[in-house]
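What follows is the residue order along each chain.
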Amino acid sequence: MKPWTPLPASMPLPPDGPLLLRILRAPEQAAALAPAGWDLLLRQAETANLSATLHDWLDQHGVLAQALPQAREQLSWSAVLARRHRQATYWEIRLIGRALAGLGLPLLLLKGGAYAAAGLPPAAGRLFSDIDILVPEASLPQVEAALMRHGWAGQQHDAYDQRYYREWMHELPPMSHVLRQTTIDVHHTILPRSAAQRPDPHALRAAARPLAEPAGAAVLAPLDMVLHSATHLFADGEFDKGLRDLWDLHRLLTHFGAHEPGFWDALPARARQMQLQRFMCYGLRYSALLLGTPVPPATLAAMAGDGPPPALQALMDALFTRALLPHHASCRGAGGKLADFLLYVRGNWLRMPPLRLARHLFHKAFLTPKNSPGAAV
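The structure reproduced in this document is the subject of the present report. (Residues numbered from 1 in each chain as written. Predicted model: local features only at pLDDT ≥ 70, side-chain atom pairs only at ≥ 80, totals over all residues. Heavy atoms only, no water.)

Focus on the packing of aromatic side chains
Going through the model one piece at a time under the given rule, you end up with 10 aromatic pairs. The interplanar angle of 40° and the centroid separation of 6.1 Å between the aromatic rings of Phe256 and Phe263 together place this pair among those described as tilted. For Phe263, a relative accessible area of 4% corresponds to the buried category. Between Phe263 and Trp264, the ring centres sit 5.2 Å apart and the planes meet at 75°, which makes this aromatic pair edge-to-face. Relative accessible area serves as the criterion here: at 12%, Trp264 is assigned to the buried category. Ring-pair connections join several aromatic residues into one group, and the members of that group are Phe234, Phe239, Tyr282, Tyr286 and Phe320. (Phe/Tyr/Trp six-rings, centres within 6.5 Å; stacked < 30°, edge-to-face > 60°. Buried < 20%, exposed > 50% of the residue type's maximum accessible area, 1.4 Å probe, protein only.)

The following block contains the structure:
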């Protein structure tokens, strides 16, 4: 059987590819857009949850001033919303830190909260619905109790959902603040307990980097942050915001690849150490294909043995190159909905063994009350 062959790092996007992808790859092209083109670009960006990100990207490349005035105004409002969201995030991180201050644990932030607190490129214009933190599994009871004393309460009241999270998943049931309605997800690792891959949460915490501000906060090391970004995207089963998450990965790869000595050489080995090499292969492949991420050929070659066999790769290409596009009608060609469904099934299959998955889906389909709020899926 032939080994997996990674895509070249400079794959050109077809000229009829989604407009949003073409502008993300070459923002200077936006200056030549007609009014109908701006209208389509804004609609695709809104569907992908990238409106404020698009504002920042065009502004960074000196193109925003050349935008259609109506488009520039709409993008500017999105940027205002993103700035307010970021300010609220900083405040919420400080409040979470105060709630957990007596436990002697670093406030280890994940995903959007980490990007914002560390001032990383993906934070520009990024909107997210909750703040994710990583704590030792042994500390979960103390962390949960401390958060509850400071106003956070669990959203899951169904006994089955409580068991689903506490026995099988990688996090507690989501908690919302009773006054501010903000949500926090408390993780003890980055993949479900029932998943086949077992990344070492102790190694993730040990390599974490502290932040100067806010005091006591930390984020994953660059290699681990990239691995978590790829894993979060490619181990999931829902891709309505997949392009936003792929953009996160693209920005992290380009940033750390340029500013962290030895990053590209160390990435394959760290991926294998954490048992996340397949997800990282997908991340490099589709980030390069759709967003033009400049991945060094040596890194691609070093990971060639970690990819799927050719037949599976062909199937994954057919699915991901549809599901990762903006979920706007202009981008949803033939097979889009089928790709969404098959990747949803795959995401659940990766989450737990077949028998447990069958029991879980049966319970959710026939035994969970239809009006149960926040039911686990």
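Considerations on unusual backbone geometry
Cis peptide bonds are those with omega within 30 degrees of zero, and the linkage from Glu213 to Pro214 qualifies with -5°. Looking at the element boundaries, Pro214 is found in the loop between β6 (209-210) and β7 (217-219). The phi angle at Asn49 is positive, at roughly 60°, despite the residue not being glycine. Even without glycine at this site, Gln181 takes up a positive phi of about 60°. Here Gln181 lies in the loop between β4 (175-177) and β5 (183-187). (Helix = DSSP H or I, 4+ residues; strand = E, 2+ residues; numbered from the N terminus.)

Side note on the packing of helix α10 (residues 242-259) against helix α11 (residues 263-273)
Direction vectors running N to C along α10 and α11 enclose 125°, while the axes themselves pass 9 Å from each other. Between α10 and α11, the angle is such that the two are oblique. On α11, the residues touching Leu253, Phe256 and Gly257 of α10 are Phe263, Trp264 and Leu267. The residue makeup of the contact of α10 with α11, split by class, is five nonpolar, one polar and no charged. (Axes fitted to C-alpha atoms, helices over the stretch in contact; angles between N-to-C directions. Parallel < 35°, antiparallel > 145°, perpendicular 65-115°, else oblique. Contact = heavy atoms within 4.5 Å. Nonpolar A, V, L, I, M, F, W, Y, C, P; charged D, E, K, R; others polar.)

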